[in-house]
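Spelled out from the first residue to the last, the chains are:
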Amino acid sequence: MDKIAIVTGGARGIGRGIALSLAKRGFSLALADRLEAPLAATIAEAEAMGVAAMPLLGDVSDYAWVQTAAASVVQRFGRVDVLVNNAGISQPKGLLDIDETEWDVTIDTNLKSMFSWCKAIAPGMLAQGGGRIVNISSVSANTGAGFSAVSKFAYCAAKAGVLGLTRGLAKELAPSITVNAICPGAIDTDLTRAMLEKHEESVLRSIPMGRFGTAEDIGEVAAFLATVTPNFMTGEVLDVDGGQWVN
Ligand SMILES: NC(=O)c1ccc[n+]([C@@H]2O[C@H](COP(=O)([O-])OP(=O)(O)OC[C@H]3O[C@@H](n4cnc5c(N)ncnc54)[C@H](O)[C@@H]3O)[C@@H](O)[C@H]2O)c1
């Protein structure tokens, strides 16, 4: 039987990397994103790898849209085996500059969206006897963001919230659904490229492995969490950051 995966923010960057790593393993895909052209391009790339791929064009911070989009995936594929909550935005403003709306958008996009997708998908996974959820947090959840990070405290709060959501749902949805998180470090994507170029030397000095991460680095770890068999991991957080934050 084909395995079905949803990847949010799957149009570009880390989400695209995760989608392609799952396509390599034969997953049929539903990719949710608000960027129409990049989404169409990644869908075409996945299809060229021989898997079915369905675009979900919309805003993951919109609870009602997420419920409708999730239902359309079940209608097309009949089930969802893996949910990867990856869509996220940066928030470069500090406390003195940020306003209430910007705080809300940061939390709604990076954290509430994960609640919305889990709420939509987990009942079906429980009914079918299993599933896997992978949430993308950030090294910033642990470090509070460094001098060179694109984001400040509001993003850190949302990403730390992702870790709490992951741990809480891991207990609540066990034993049939596993819920794990990945904390990427400095990954070269559209989100971070300008910052990484500006601070290249100092950021590289903070990474023991001496290079920026790639979308594929995260994609392969997400695919591991989506497929490792037997699977005795849940509520776990994997730091994929070249050793930038060793705890
Ligand atoms: N790049 C890094 O260094 C890094 C480090 C740690 C964590 N992360 C996290 O990894 C995830 C992916 O980041 P990236 O670097 O690939 O960023 P990116 O901007 O390249 O890609 C994010 C994707 O999510 C989509 N998206 C954002 N908000 C959305 C919304 N409201 N509705 C629908 N789609 C939306 C964007 O359109 C985009 O395609 C994010 O959660 C980010 O916080 C990235």
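Scroll up a little and you will see the structure.
In what follows, the accompanying structure is described. (Residues numbered from 1 in each chain as written. Predicted model: local features only at pLDDT ≥ 70, side-chain atom pairs only at ≥ 80, totals over all residues. Heavy atoms only, no water.)

Next up on the list: the site of the ligand. Close to the ligand lie 29 residues; Arg12, Asp33, Asn86, Tyr155 and Thr189 are nearest. Isoleucine 14 is positioned with one of its backbone polar atoms (N or O) 2.8 Å from an oxygen atom of the ligand. Between the ligand and the protein, one listed contact pairs an oxygen atom with a side-chain N or O atom of aspartate 33 at 2.6 Å. Look at the ligand: alone it shows 820 Å² of surface, and the protein chains cover 97% of it. Only α1 (13-24) and α6 (153-173) provide two or more residues apiece to the shell around the ligand. Looking at the shell around the ligand residue by residue, the class counts come to 12 nonpolar, 11 polar and six charged. (Near = heavy atom within 4 Å. Polar contact = N/O pair within 3.5 Å; in protein donor to acceptor, adjacent residues only side chain to side chain. Areas by Shrake-Rupley, 256 points an atom, 1.4 Å probe, with all protein chains shown as cover. Helix = DSSP H or I, 4+ residues; strand = E, 2+ residues; numbered from the N terminus. Nonpolar A, V, L, I, M, F, W, Y, C, P; charged D, E, K, R; others polar.)

With that settled, consider unusual backbone geometry. Alanine 174 connects to proline 175 through a cis peptide bond whose omega is 5°. One can find proline 175 in the loop between α6 and β6 (177-184).

Looking now at the nonpolar core. Core analysis: the largest hydrophobic core is formed by 33 residues, its most contacted members being Leu56, Val73 and Trp117. Sorting the residues of this core by element identifies β1 (4-8), β2 (28-33), β3 (53-57), α3 (63-77), α4 (100-128), α6 and β6 as the ones contributing at least two each. Apart from residues no more than four positions distant in its own chain, tryptophan 117 is found in contact with Ile6, Thr8, Ala32, Leu56, Val60, Trp65, Val66, Ala69, Ala70, Leu83 and Asn85. Of all hydrophobic cores here, the second largest spans 28 residues; its members include Val7, Ile18, Phe27 and Ala222. (Core = buried A, V, L, I, M, F, W, Y, C linked by side-chain atoms within 4.5 Å. Buried < 20%, exposed > 50% of the residue type's maximum accessible area, 1.4 Å probe, protein only. Contact = heavy atoms within 4.5 Å.)

Turning our eyes to something else, we now look at the packing of α1 against helix α9 (residues 215-227). Two elements in contact, α1 and α9, have axes whose closest approach is 7 Å; the angle formed by their N-to-C orientations is 50°. Compared by their axis directions, α1 and α9 come out oblique. Seen along the crossing, α1 lies across α9 with a hand that is right-handed. Listed contacts from α9 to Gly13, Ile14, Gly17, Ile18, Ser21, Leu22 and Lys24 of α1 are Ala215, Glu216, Ile218, Gly219, Glu220, Ala222, Ala223 and Ala226. Among the residues making up the contact of α1 with α9, the classes are represented as eight nonpolar, four polar and three charged. (Axes fitted to C-alpha atoms, helices over the stretch in contact; angles between N-to-C directions. Parallel < 35°, antiparallel > 145°, perpendicular 65-115°, else oblique. Left-handed = near helix turned anticlockwise from the far one by under 90°.)

Once that is clear, we can look at the packing of α4 against α6. Following both chains from N to C, one finds α4 and α6 inclined at 15°, their axes separated by 8 Å at the closest point. Looking at the two axes, α4 sits roughly parallel to α6. You can see that α4 and α6 cross each other, and the crossing is right-handed. Touching Trp103, Thr106, Ile107, Asn110, Leu111, Met114, Phe115, Cys118, Ala122 and Leu126 of α4 are Phe153, Ala154, Tyr155, Ala157, Ala158, Lys159, Gly161, Val162, Leu165, Leu169 and Leu173, all from α6.

For the rest of this paragraph, the subject is the side chain of threonine 189. As for its position among the elements, threonine 189 is in the loop between β6 and α7 (193-198). Ignoring any residue separated from it by four or fewer positions in sequence, one finds threonine 189 in contact with Gly13 and Ile14.

Turning our eyes to something else, we now look at the environment of cysteine 156. As for its position among the elements, cysteine 156 is in helix α6. On the accessibility criterion, cysteine 156 (8% relative accessible area) is buried. Each C-alpha atom, one on cysteine 156 and one on threonine 234, is 22 Å from the other, the two residues being 78 residues apart in sequence. Look past the residues within four positions of cysteine 156 in its chain and what remains in contact with it is Ser140, Ala141, Gly144 and Ala145.

Residue alternation in strand β4 (residues 82-85) divides its side chains into two sets, Val82 and Val84 and Leu83 and Asn85, and both sets are buried. Across three bridges, β1 lies against β4 in parallel orientation. Residue pairing across strands places alanine 5 opposite valine 82, the latter belonging to β4. Two strands pair when backbone bridges link them, and β4 and strand β5 (residues 131-136) are joined in this way by four bridges, in the parallel orientation. (Pairing = 2+ DSSP bridges.)

The next thing to look at is the side chain of asparagine 85. Checked against the element boundaries, asparagine 85 lands in strand β4. Asparagine 85 sits in the buried class, given a relative accessible area of 1%. Apart from residues lying up to four places away in sequence, asparagine 85 is in contact with Thr8, Ser113, Met114, Trp117, Cys118, Ile133, Val134, Asn135 and Ile136.

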